[in-house]
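Working through the structure, step by step
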Amino acid sequence: MLDIQIIRKNPEEVKTRLNQRGGDYGPTIDQIIAIDSERRSAETERQQLQSERNRVSKEIGMAKKRGEDTSEIEAAMRAIGARIDEIGVNADASESQQRDLMLTLPNLPHEACPVGASSDDNPVIRSWGERPAYDFQVKDHIALTTSLGIVDFEAGTKISGSAFVVYKGAGARLERALINFLLDLHTTEHGYHEVAVPHLVKPECLVGTGQLPKFEDQQYKCERDNLYLIPTAEVPVTNLHREEILAADALPVKYAGYTPCFRSEAGAAGVGTRGLIRMHQFDKVELVKITTPETSMDELESLTANAEKVLKLLGLHYRVIELCTGDIGFGSCKTYDIEVWAPGQNAYLEVSSCSNFGEFQARRMNLRYKDENAKNRTPHTLNGSGTALARLFVALIETYQQADGSIQLPAALGPYLTNRSIR
């Protein structure tokens, strides 16, 4: 959520920066300012009336001691009390309306965020490794996994519908090995604290990280209990400290957590992709940071480097792109996407999106910290996939395929597999 003070002081700048995302946020900003002005004016009136009521109440008490008739003054005070109550009811309604509008606004792109209209305008920041070359006809992961019997697409559809799969045998072991490999790397080498969190969350958690109310139609909801299946571990992990005040020396907080992720839009008409590329359910190891505003951009760079280390250790060619204003996520102010090369797709696949959310999520969660002067401040939150398993699985299978259709997995996974060869 944006700081209302920024909107009050620089409404035109806010409009300009938000409009760089695409669309016209001017009318919403104007409506917020109008409601805010009316609400603040009413609050000033209420305070004045309360002060007047307190003053006159003392006079009434003194007049009664003198035996004077105070009925008219008391009637006037009752009218003032009724007006105070009316202002209170209206103020609550206005505050709720203002908050609802504020929740629809995306984050302001950072000043350093490249301006652009779409993903076509995203600059490539760097790349690592080379695209592998083969002296045989490359297969995609669907053909490879089907022939090896390690992923059953039909079984997933039979059990749950399209965009679900069943990993079998060496495929299931590889998925489990990747989860353990990622968690061990980030906790032992990168200093993240491992957490295992619930996969169902309250709606206020999704509001806190920005999935609600805007992306309600993309969530799986348990109506009976008013709980949602998590679209990413970002939601429960970031909300671990909602409505808390952290000590300055506790920052940065660094968490790593594995969860399955559930996204109802994955197989929707027009966005579906064959195989494991876009799923309703997939595994992911998420990295979350809570830090001070002064260090958050440095923390974003290190978080991105942590995710890149995964691909380097696995010997996978990748590139890093910076998202422009027209492509950046709803809650982010600056984002790097890491895209791994998948030979069978002849394309790059996004396996991690590393974002700095600034104060945006913390304000929605009422998360604060005390600085060195014991003043309450709003921290910055960051997160990134470290990484998403389905697409990493695809890149591994396709990159390390052999001429005979087998898979020879990299040495980094040796400690997690009894056999690095899948035949």
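Computed from a predicted model, the values in this text were never measured in an experiment. All residue numbers refer to positions counted from 1 along the written sequence of the respective chain. pLDDT decides what is reported in this predicted model: residues at 70 or higher carry local features, side-chain atom pairs at 80 or more are listed and counted, and totals for whole chains, interfaces and linings draw on all residues regardless. Note that water and hydrogens are dropped before the side-chain values are worked out from all heavy atoms of the structure.

1. Some details on the overall build of the protein
- To qualify as a helix, a DSSP run of H or I must reach at least 4 residues; to qualify as a strand, a run of E must reach at least 2; elements of each kind are numbered from the N terminus. Scanning the protein from terminus to terminus reveals 12 helices and 18 strands.
- Summarising its shape, the C-alpha atoms of the protein cover approximately 105 × 45 × 40 Å along the three principal directions.
- Think of it in three bands: residues with accessible area under 20% of the maximum for their type are buried, residues over 50% are exposed, and the middle band is partly exposed, with areas taken using a 1.4 Å probe on protein chains only. Of all 423 residues assigned to the protein, the portion counted as buried reaches 49%.
- Every residue pair with non-hydrogen atoms within 4.5 Å of one another is taken to be in contact. A separation of at least 24 residues holds for 73% of the contacts in the protein among residues at least 6 apart in sequence.

2. Here's the deal with the sheet that holds strand E11 (residues 318-322)
- Two strands pair if DSSP finds at least two bridges between them. Strand order in this open sheet of 8 strands is E1-E11-E12-E13-E16-E10-E9-E4, and the pairing throughout is mixed. Looking at the sheet topology across the chains shown, the edges are occupied by strand E1 (124-128) and strand E4 (193-194).
- One ladder, built from 10 bridges, connects strand E9 (residues 253-262) with strand E10 (residues 281-291); its direction is antiparallel. Among the inter-strand pairings, Gly257 is bridged to a residue of E10, identified as Glu286.

3. Regarding the packing of aromatic side chains
- Whether two aromatic rings pair depends on their centres lying within 6.5 Å, for rings of Phe, Tyr and Trp, where Trp uses its six-membered ring; planes under 30 degrees apart make the pair stacked, over 60 edge-to-face, and the rest tilted. One pass over the structure, following the stated rule, counts 7 aromatic pairs.
- With centroids separated by 5.4 Å and ring planes inclined at 65°, the aromatic side chains of Tyr134 and Phe136 adopt a geometry described as edge-to-face.
- A relative accessible area of 23% places Tyr134 in the partly exposed class.
- When the centroid spacing of 6.1 Å and the interplanar angle of 75° are considered together, the rings of Phe181 and Tyr416 count as edge-to-face. Taken together, the residues span a long stretch of sequence, with Phe181 in helix H7 (residues 170-189) and Tyr416 in the loop between strand E17 (407-408) and strand E18 (421-422) at a distance of 235 residues.
- For Phe181, a relative accessible area of 5% translates into the label buried.
- An aromatic cluster is defined as three or more aromatic residues linked by ring pairs; in this entry it consists of Phe215, Phe330 and Phe360.
- Here, a charge over a ring means that NZ of Lys or CZ of Arg falls within 6 Å of the ring centre while also lying within 35 degrees of the ring normal. The ring of Trp341 carries the charged tip of Arg131 above its face, separated from the ring centre by 3.9 Å.
- One cation-aromatic arrangement involves Arg319 over Tyr348; the distance from NZ or CZ to the ring centre is 4.1 Å.

4. Section: the layout of surface pockets
- Considering only enclosed or pocket space, the largest pocket measures out at about 1400 Å³ in volume.
- The distinction between a cavity and a pocket rests on a 1 Å grid over the protein atoms alone: a 1.4 Å probe fits inside a cavity but cannot get out, while a pocket stays open yet meets protein on both sides within 12 Å along at least five of seven lines, and a residue with an atom within 4 Å of a point counts as lining. Taken together, 45 residues form the lining of the largest pocket, with Arg263, Glu265, Gly329, Glu350 and Ser353 sitting closest to its centre.
- Element by element, the count of residues in the lining of the largest pocket is highest for strand E13 (residues 347-356), at 4 residues.
- The class makeup of the residues in the lining of the largest pocket is 17 nonpolar, 16 polar and 12 charged.
- What the second largest pocket holds in volume is close to 310 Å³.
- Lining the second largest pocket are 20 residues; nearest its centre among them are Ile6, Asn107, Leu108, Gly358 and Glu359.
- Elements with a minimum of two residues in the lining of the second largest pocket: helix H10 (296-313) and helix H11 (360-365).
- Residues are sorted three ways: Asp, Glu, Lys and Arg are charged, Ala, Val, Leu, Ile, Met, Phe, Trp, Tyr, Cys and Pro are nonpolar, and all the rest, Gly among them, are polar. Looking at the lining of the second largest pocket, its residues break down into 9 nonpolar, 6 polar and 5 charged. Grid points are joined across faces, edges and corners, and a volume is the space filled by probe spheres set on the points.

5. Some points on the side chain of Glu339
- Structurally, Glu339 can be placed in strand E12 (residues 334-342).
- Accessibility expressed as a relative area gives 12% for Glu339, which makes it buried.
- Of note is the side chain of Glu339, whose polar atom sits 2.7 Å from the side chain of Arg319.
- Sequence-distant contacts of Glu339, that is, excluding residues within four places in its chain, are made with His317, Tyr318, Arg319, Ile321, Tyr348, Leu349 and Glu350. Two N or O atoms form a polar contact when they lie within 3.5 Å of each other; inside protein one atom must be a possible hydrogen donor and the other a possible acceptor, and for residues adjacent in sequence the pair counts only when both atoms belong to side chains.

6. What about unusual backbone geometry?
- In this model, Leu212 is joined to Pro213 through a cis peptide bond whose omega is 5°.
- You can see Pro213 is positioned in the loop between helix H8 (203-209) and strand E6 (220-222).
- Between Gly386 and the following residue, Thr387, the backbone shows a cis peptide bond with an omega angle of 20°.
- Take Thr387: it is sitting in strand E16 (residues 380-388).
- Non-glycine residue Asn226 carries a positive phi angle of around 55°.
- On the secondary structure map, Asn226 appears in the loop between E6 and strand E7 (227-229).

7. Comments concerning the packing of H7 against H10
- At their nearest, the axes of H7 and H10 sit 11 Å apart, and the two run at 125° to each other. Our classification of the angle between H7 and H10 gives oblique. As H7 packs across H10, the resulting crossing turns out to be right-handed. Counted together, Phe181, Leu182, Leu185, His186 and Glu189 of H7 and Asn306, Lys309, Val310 and Leu313 of H10 form the full contact between these two elements. All axes are obtained by fitting lines to C-alpha atoms, using only the stretch in contact for helices, and the reported angles, taken between N-to-C directions, cover 0 to 180 degrees. Our angle categories are set so that under 35 degrees counts as roughly parallel, over 145 as roughly antiparallel, 65 to 115 as roughly perpendicular, and the remainder as oblique. Throughout, a crossing is termed right-handed when the near helix is turned clockwise from the far one, and left-handed when it is turned anticlockwise from it by less than a right angle.

8. As for the side chain of Arg391
- For Arg391, the position within the fold is in helix H12 (residues 389-399).
- Charge counting treats Lys and Arg as positive and Asp and Glu as negative, with His and both chain ends excluded. Salt bridges are counted wherever a side-chain nitrogen of Lys or Arg sits within 4 Å of a carboxyl oxygen of Asp or Glu. Buried charge Arg391 goes without a salt bridge, the closest partner of opposite sign being Glu350 at 4.7 Å.
- A polar contact of 2.8 Å, which involves the side chain of Arg391, links it to the backbone oxygen of Ile277.
- Other than its neighbours up to four places away in sequence, Arg391 contacts Ile277, Arg278, Leu349, Glu350 and Val351.

9. Some remarks on the nonpolar core
- To form a nonpolar core, buried Ala, Val, Leu, Ile, Met, Phe, Trp, Tyr and Cys residues must be joined to one another through side-chain atoms within 4.5 Å. Ranked by internal contacts, the top residues of the largest apolar core, which has 55 residues, are Leu174, Leu311, Leu316 and Leu413.
- Leu311 has contacts with Trp128, Leu316, Tyr318, Ile338, Val340, Val351 and Leu392, leaving out every residue within four places of it along the chain.
- Listed in part, the 25 residues of the second largest apolar core include Ile4, Leu108, Leu206 and Tyr228.

10. What about the sheet that holds E7?
- Strand order in the open sheet made by the 3 strands is E5-E7-E6, with antiparallel pairing throughout. One side of each edge strand has no neighbouring strand; the edge strands of this open sheet are strand E5 (200-201) and E6.
- The pairing of E6 with E7 spans 3 bridges and is antiparallel. By the bridge assignment, Cys222 is partnered in E7 with Leu227.

All we've got here are geometric facts, nothing functional implied.
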